[in-house]
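Architecture at a glance
The lines below spell out each chain.
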Amino acid sequence: MLAFRRLRTKLTVLYAGLFALGLLLASAEVYSAISDNAQRVVRGELAASGTVFDRIWALRTAQLENGAGLLSRDFGFRSAIATHDAATISSALENLRVRLGADTAFVIGADGGSLAGGDGGAFSSLTPATLAGIEGDDAVAGVFVMHGEPYQAISAPVLAPLPMGWVVFAQRLDRDQMNALEKLSAIPLDASVLARAPGGAWGEAGHPRDAKAQATVGRFIEATLKASHASPGKLDTAAGDSMALVKPLHSFDPGAPIVLMLRYPMARAMAPYHPLLGALGLIGLAGLALLIAGSWALARGVTRPLSDLEQAAHRLQRGEAASVTVTARDEIGRLAEGFNSMAAEIGERERRITHMALHDGDTDLPNREALARDIAALAERARAERIYVAALGVDRLTHVRGAIGHALFGEMMRELGARLARLAPETRPARLTTAILGVAFEAESREAAMARAEALREALEEPLRLAENVVDVSLTLGLAPYAEDADRVASPIDRANIAVDQARSAKRAAMAFDAKAYGDPAANLSLMSEMRASIEAGHMALYHQPKFDLRRRGVTGTEALVRWIHPTRGFLPPDRFIGMAEETGHIRALTEWVLAQAVRDQKAMAAAGHELAVSVNVSGRLLGDLAFAEAALELVAGACGDICFEITETAVVENPELALAVIDRFTAAGVAVSIDDYGTGLSSLAYLKQIRAGELKIDKSFVFAMGESQRDALLVRSTIDLAHGLGMKVTAEGIETEAALALLTGMGCDLAQGYLIAKPMPLNGLLNFLSEDAEVLKSRA
């Protein structure tokens, strides 16, 4: 089946094909009718010609028969035959042959020999069967073949009273005779006399024979002779179809029948109709051409709206505006109207989706994606090194939103966005997060960019009027260049957001993105994934830093400190992974391992004769984890000495209720609690009062400056007095000089810890230290 790529072509071919088929059937019917009519005419003419031939044949036979009968009854002629007077016989025959117009005449004697007349050669070619047919008792009319040519002949006996011979007059049936016969017909038919040879083949006497054609003709003649009556029939030969009529002729030789065949070629019969058929063909072709043109025009008119719809559908698929012109009210017109409606709805829906994708649902401000697009557009029309992205984050989000509510907080962000749009029109201000707005602008240099960003921040911090109330806003600014540090943080928006966090961590109002401080988060994440494997593989080590009791003059405890000896990265300082472990949730596994190892090390110390308390740092992240508290107490239950948990005061500040409950759980189980890094946090004395701690550790920053600053010395002394007043021991960290140690001793400090005493060391080193160096410290303190 043909595959059409265009409906227009398909319709044209379909219509043209149907018309051509109808035209072909009509032409076949017309041709069949014409052919039948021509055959009927030819049959009639052949039948009429056959009747004329019969009439002419009978007249000629009667003429010859009268002549032959008259001569055979003539007395003188009979006497000449009886006496074999050849001269008289020949003279009489010749006179009568001329008068009859016959071609030949001769007399056959009673013995079968020739008596006179004709040429002796012709007579000699007659077959015995022919002679037998001639020698009858009565006159006989018929046809015989002599010298290869057919003759119409009359044989009359010469009686005396018995036959003395037979007078024969013959007329040659040659082409002239046939032409004369053909001219008597109303149609130009072909006439020929055919005889059957001894072998059974029919052919025209004296003419070369085409075996194949004669075989076809022979079968037709035989079939006709077997029929009861002769009528014209259709004869198919290699030369073409023809209508033929066979007239049997009496043959003097019964074994060699002779017929007259009248034929009329059908091509000749159809010739008069050729102009009509040609005219019909031309009319058909013209009609077909008109139909093709009409079909093409009709198909074009039908398919053009469909083509327009197809092209519009492709435009709609590409996200472009698409509509078609409605030119009709029919089905296609209604389809076009439906398409336009659908395209309009899709366009409107896409506009809404695009708006939702590029805007914040709460404030309707552009979102991060919209800002990224605006920055990309800005980068196409400005130099990349002059583009900067500023992120402005609302400080104390939780408190502000809790104070004014979500609705007014959203209104506040909208007002800030509108104000920012007026101040930095290069790009649309976008809401990057709940409390951070972002904008991009051009600046000549980093300093100029920071100056403009600072100006934006100060302008945005102008009090806002919301719901008839004035609200003060504090913002932190993060600035990032568009074209720098793309390898580490690809998006300048992300870099600006990170700069906001960096500024807040540094307690600054504004800060540019610091790639060095940001580090490599991917490497850090990989490091954390290796931490658990390192714990299980034994790559973690526990070091102990001694705590010297200034009153008892000896080491009474240690602080357990974790060390990571990475198999490929080498020694990793605690500052490198402790903070990340807290942020990524690995701190619990690490702390549990430290606690278990501390218990084992404490037992080793006891086995060596040193009963020391071991302090373990517990992250503030774990103070809100009740499951960890239970696991830690279960580990501590197996200790052979005192275990102390060192916590920072800020850990209590984040979730004081839960943290204090966990601390109470620790102290109730007999685990001492120490407040580490005291003085560096922002906690109040109220928290210090609530924490059931037995020890307070003064941060080393105060101890370092104690010898140079009277204020720090005063703070340390006051802290020692405060701790003693609350019933807690005091440990001073960072002791590195003899003077600091003496000063703390004089202030009444209980314990000292620092490089002057000893650096953190593994368990074996600690045991050696306790055996060899402890006495030296005792004498020096």
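Residues numbered from 1 in each chain as written. Predicted model: local features only at pLDDT ≥ 70, side-chain atom pairs only at ≥ 80, totals over all residues. Heavy atoms only, no water.

Taking an unreviewed UniProt entry as the reference, the chain is identified by name as EAL domain-containing protein belonging to Phenylobacterium montanum.

Here we look at the pattern of salt bridges
Pairing between side chains becomes possible if they bear opposite charge and their charged atoms approach one another. Tallying each qualifying case throughout the model produces 33 salt bridges. A salt bridge links Asp54 to Lys247; the nearest nitrogen and oxygen atoms lie 2.6 Å apart. Taken together, the positions of Asp54 in helix H1 (residues 7-73) and Lys247 in strand S9 (residues 240-249) put the pair 193 residues apart, joining distant regions of the chain. The salt bridge partner of Glu320 is Arg318, with a shortest N-O separation of 3.3 Å. Judged by its relative accessible area of 38%, Glu320 falls in the partly exposed class. (Salt bridge = Lys/Arg side-chain N within 4 Å of Asp/Glu carboxyl O. Helix = DSSP H or I, 4+ residues; strand = E, 2+ residues; numbered from the N terminus. Buried < 20%, exposed > 50% of the residue type's maximum accessible area, 1.4 Å probe, protein only.)

Focus: the environment of Arg368
Along the chain, Arg368 turns up in helix H11 (residues 368-381). Arg368 gets classed as partly exposed once you look at its relative accessible area, which sits at 31%. Sequence-distant contacts of Arg368, defined by excluding residues within four places in its chain, comprise Arg431, Leu432, Ser491, Ile493, Asp494 and Asn497. (Contact = heavy atoms within 4.5 Å.)

Comments concerning the pairing of strand S11 (residues 387-394)
In terms of residue burial, S11 counts as a mostly covered element, since 8 of its 8 residues are buried. Burial of the side chains of S11 extends over both faces: Ile387, Val389, Ala391 and Gly393 are buried on one face and Tyr388, Ala390, Leu392 and Val394 on the other. Both S11 and strand S13 (residues 436-442) contribute to a ladder of 7 bridges, which runs antiparallel. Bridge pairing in S13 places Tyr388 opposite Phe441. (Pairing = 2+ DSSP bridges.)

What to know about the packing of H11 against helix H14 (residues 492-505)
Here H11 crosses H14 at 120°, and the two axes come no closer than 10 Å. Taken together, the axis directions place H11 and H14 in an arrangement best described as oblique. Of the residues in H14, those in contact with Arg368, Leu371, Ala372 and Ile375 of H11 are Ile493, Asp494 and Asn497. For the contact of H11 with H14, the per-class residue count stands at 4 nonpolar, 1 polar and 2 charged. (Axes fitted to C-alpha atoms, helices over the stretch in contact; angles between N-to-C directions. Parallel < 35°, antiparallel > 145°, perpendicular 65-115°, else oblique. Nonpolar A, V, L, I, M, F, W, Y, C, P; charged D, E, K, R; others polar.)

Describing the sheet that holds strand S12 (residues 430-433)
Read from one edge of the open sheet, 5 strands run S12-S13-S11-S16-S17, paired in mixed fashion. Bordering the open sheet on either side are S12 and strand S17 (510-512), each of which pairs with just one other strand. Pairwise comparison of adjacent strand axes, ignoring direction, gives a mean angle of 25° for this sheet. Examined bridge by bridge, S12 and S13 share 3 bridges and lie antiparallel to one another. Pairing of Ala430 across the sheet is with Gly438, part of S13.

Points about helix H13 (residues 446-460)
Here H13 spans 21 Å end to end across 15 residues, near enough to the 21 Å set by a 1.5 Å rise per residue. Turning to H13, its buried residues number three or more, namely Ala449, Met450, Ala453, Leu456, Arg457 and Leu460. Along the axis of H13, the buried positions cluster into a sector of 120°, meaning they face one direction only. The inward-facing, buried residues of H13 contact S11, helix H12 (397-423), S13, strand S16 (475-481) and S17. (Expected span 1.5 Å × (residues − 1). Arc of directions from axis to C-beta.)

Some remarks on the sheet that holds strand S7 (residues 202-204)
What the 5 strands build is an open sheet, ordered S7-S6-S10-S9-S8; its pairing is antiparallel. Here the strands that pair on one side only, and so sit at the sheet edges, are S7 and strand S8 (233-237). The mean inter-strand angle of the sheet, taken between neighbouring strand axes irrespective of direction, is 40°. As paired elements, strand S6 (residues 190-196) and strand S10 (residues 258-265) share 6 bridges and run antiparallel to each other. Note that in S10 the partner of Asp190 across the bridge is Arg263. Most of the contacts of H1 go to S9, to which it runs at about 25°, and overall it touches S8, S9 and S10. Packing against the sheet, helix H6 (residues 175-183) makes contact with S6, S7 and S10, and its axis sits at approximately 135° to S6.

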